[in-house]
Amino acid sequence: MKRVIKLAGLLGLLASTAQAADMVAPSEPVVASNPGGFYLGSLSSLTFLDDTGFASGADGVSTDYDLGFYSALRAGYSFGSYGIVSPRLELEVGYGTADVDEHTVNGFGFGGSSFGEARTIQGYVNGYLDINTSTAFTPYLGGGVGAMNLELHRQGVSGIAMDDDDTKFAYHLDAGVGIKLDTISFFRDSTLFSNTTFDIGYRYTAADNFNFTATDGTTSSTDFSSHAITAGFRRQF
């Protein structure tokens, strides 16, 4: 009889333990979705300009550039997560410059005798889609449309042949990855990097039909295009 009572008690204990185990949900890592909000940021790039050109008298001048630089400020709004994507819109204003490497006049290169630079002021309305991966890395795709003021600043060989600017419609296409710094152990304990994303990517920029007047009065037009490696920060509030 005692054995029956002990067996019944043991079976009751096992049953209650199993029931308690069923009531506890398995623990899984919680992945925080993007809640959305306003953000401020910066953007810088190493820029590879394609050649520009202008006419001076009867001469056709093609200009090759050294590595250029671009810096911008941006402000935007993220609309939060919609499934695996998070759309955002932003405004960007920036300044770029690249020194002349060589002027080629009617097919003849002037190497070290060439001087001048190309300067740009650029403003865009940008749109992006962040692709959520539930990791610290968030790929993004997007671009922007706006305006560019292109200045061929004091360009020439033996003397200044071009020093003029013009403003045209411009656009850019972007792709890259954002790294959420506050999810990385090295940065996690610092409030400086709270809600901060480091972006690195590629940008193609283009604008067409800039009209210029050389110092001798000759008019001509040229297009602008560039490829850039971009890097920047975004802090969401």
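Everything below is about the structure printed above this text.
Residues numbered from 1 in each chain as written. Predicted model: local features only at pLDDT ≥ 70, side-chain atom pairs only at ≥ 80, totals over all residues. Heavy atoms only, no water.

Counting 23 residues, the largest nonpolar core has Y65, M148, L150, L152 and F210 as the members making the most contacts within it. Looking at this core, the elements that each hand over two or more residues are strand 1 (37–49), strand 3 (59–65), strand 4 (68–78), strand 5 (85–105), strand 7 (115–131), strand 8 (137–156), strand 9 (160–180) and strand 10 (196–213). Those residues in contact with L150 that lie beyond four places of it in its chain are A118, R119, T120, D164, D165, D166, F210, F212 and F224. (Core = buried A, V, L, I, M, F, W, Y, C linked by side-chain atoms within 4.5 Å. Buried < 20%, exposed > 50% of the residue type's maximum accessible area, 1.4 Å probe, protein only. Helix = DSSP H or I, 4+ residues; strand = E, 2+ residues; numbered from the N terminus. Contact = heavy atoms within 4.5 Å.)

Before going further, it helps to spend a moment on the pairing of strand 8. Pairing of strand 7 with strand 8, which is carried by 15 bridges, proceeds in the antiparallel orientation. The residue bridging D130 from the neighbouring strand is Y140, located in strand 8. Where strand 7 hands over to strand 8, the hairpin turn is made up of five residues, of which S134 adopts a positive phi near 60 degrees. In the sheet, strand 8 pairs with strand 9 via 18 bridges, with the strands oriented antiparallel. Pairing of V145 across the sheet is with Y171, part of strand 9. (Pairing = 2+ DSSP bridges.)

Quick look at the pairing of strand 4 now. Side chains G68, Y70, A72, R74, G76 and S78 of strand 4 all project onto a buried face; the interleaved residues F69, S71, L73, A75 and Y77 project onto a face where none is buried. Sheet topology places strand 1 next to strand 4; 11 bridges connect them, and they run antiparallel. Paired with T47 across the strands is G68, a residue of strand 4. The turn linking strand 4 back onto strand 5 is made up of six residues, and G80 within it adopts a positive phi angle of 85 degrees.

In this structure, G57 sits in the loop between strand 2 (52–56) and strand 3. Taking the relative accessible area as the measure of exposure, G57 reaches 41% and is therefore partly exposed. The sequence separation of G57 and A214 amounts to 157 residues, and the corresponding C-alpha distance is 8.4 Å. With residues near it in sequence (within four places) discarded, G57 still touches D216 and T218.

Before going further, it helps to examine the pattern of salt bridges. Per the stated rule, a full pass over the model turns up eight salt bridges. Salt-bridge contacts for D199 lead to R74; the nearest nitrogen and oxygen are separated by 3.0 Å. Placement of the pair is D199 in strand 10 and R74 in strand 4, with a sequence separation of 125 residues. Take D199 and R74: they sit in the same class, and that class is buried. Between D199 and R234 there is a salt bridge, with the nearest N and O atoms lying 2.7 Å from each other. With a gap of 35 residues between them, D199 in strand 10 and R234 in strand 11 (residues 219–236) connect regions that are remote in the sequence. Accessibility assignment for this pair places D199 and R234 in one class, buried. When salt bridges that share partners are traced, they join R74, R88, E90, D130, D199 and R234 into one network. (Salt bridge = Lys/Arg side-chain N within 4 Å of Asp/Glu carboxyl O.)

As a further point, take unusual backbone geometry. Positive phi outside glycine occurs at N106, with the angle close to 50 degrees. Looking at where N106 falls in the secondary structure, it is placed in the loop between strand 5 and strand 6 (108–109). One non-glycine residue, S134, adopts positive backbone phi at about 60 degrees. Locating S134 in the fold gives a position in the loop between strand 7 and strand 8. Its relative accessible area of 56% is what places S134 among the exposed residues.

Moving on: the side chain of D174. Structurally, D174 is set in strand 9. Taking the relative accessible area as the measure of exposure, D174 reaches 9% and is therefore buried. Within the local environment of D174, its side chain forms a polar contact with the side chain of H172, the two groups lying 2.7 Å apart. Side-chain polar atoms of D174 contact the side chain of R203, separated by 3.0 Å. In this structure, D174 is in contact with Y128, Y140, L141, G142, G143, Y202 and R203, ignoring residues within four places of it in sequence. (Polar contact = N/O pair within 3.5 Å; in protein donor to acceptor, adjacent residues only side chain to side chain.)

Limitation: the analysis is restricted to geometry and does not speak to function.
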